[in-house]
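Structure at a glance
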Amino acid sequence: MGFFQIINHGISQSVLDEALKTASDFFNLPRKEKEVLMSNDVNKPVRHGTGLKDGLDAVQFRRVFLKHYAHPLKDWIESWPANPPNYRYI
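The rules behind these values
- Residues numbered from 1 in each chain as written.
- Predicted model: local features only at pLDDT ≥ 70, side-chain atom pairs only at ≥ 80, totals over all residues.
- Heavy atoms only, no water.
- Helix = DSSP H or I, 4+ residues; strand = E, 2+ residues; numbered from the N terminus.
- Contact = heavy atoms within 4.5 Å.
- Core = buried A, V, L, I, M, F, W, Y, C linked by side-chain atoms within 4.5 Å.
- Buried < 20%, exposed > 50% of the residue type's maximum accessible area, 1.4 Å probe, protein only.
- Lys, Arg positive; Asp, Glu negative; His and termini not counted.
- Salt bridge = Lys/Arg side-chain N within 4 Å of Asp/Glu carboxyl O.
- Polar contact = N/O pair within 3.5 Å; in protein donor to acceptor, adjacent residues only side chain to side chain.

Mapped onto the elements, Phe26 comes out in helix H1 (residues 13-27). Taking C-alpha positions, Phe26 is 9.8 Å from Ala82, a pair spaced 56 residues apart along the chain. Those residues within four positions of Phe26 in sequence are excluded, and the remaining contacts are Lys34, Leu37, His48, Leu66, Pro81, Asn83 and Pro84.

Moving on to the environment of Leu20. If you trace the backbone, Leu20 turns up in helix H1. Linking Leu20 and Ile90, residues 70 residues apart in sequence, is a C-alpha distance of 9.5 Å.

With that settled, the discussion passes to the nonpolar core. In terms of nonpolar packing, the biggest core is built from 8 residues, these being Phe26, Leu29, Leu37, Val46, Leu66, Ile77, Trp80 and Tyr87. Not counting residues within four places of it along the chain, the set of residues in contact with Trp80 comprises Val46, His68, Tyr69, Ala70, Leu73, Tyr87 and Arg88.

The omega torsion of the bond from His71 to Pro72 falls at -5°, within 30 degrees of zero and hence cis. Within the secondary structure, Pro72 is located in the loop between strand E2 (60-68) and helix H3 (73-76). Of note, the bond from Asn83 into Pro84 is cis; its omega dihedral lies within 30 degrees of zero at 5°. Turning to its location among the elements, Pro84 is positioned in the segment after H3.

Turning next to the side chain of Arg47. Mapped onto the elements, Arg47 comes out in strand E1 (residues 46-54). One buried charged side chain, Arg47, makes no salt bridge at all; its nearest oppositely charged neighbour is Asp41, positioned 6.7 Å away. At 3.5 Å, the side chain of Arg47 forms a polar contact with the backbone oxygen of Ser39. With near-sequence residues (within four places) excluded, Arg47 lies in contact with Leu37, Ser39, Asn40, Asp41, Val42, Phe65, Leu66 and Lys67.

Structure follows, in structure tokens:
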């Protein structure tokens, strides 16, 4: 599941909940649909990936992520995933 931290920005809880659900829907897509966005190139404006992050006390955490540029929104939103269908809207 994705992680969001948005504090005191005037965004309603229902919008935050829907964004979290939509992000979860992306990560629940079949692997083939997500693979087209997989990249190790940190300069790609949209990329999906997996990896291990070192934690405290030598504990490692597996992470799965989707990163994309968003500002200004009008310049980047068309490059965001089209599936799930409401991803760009939410």
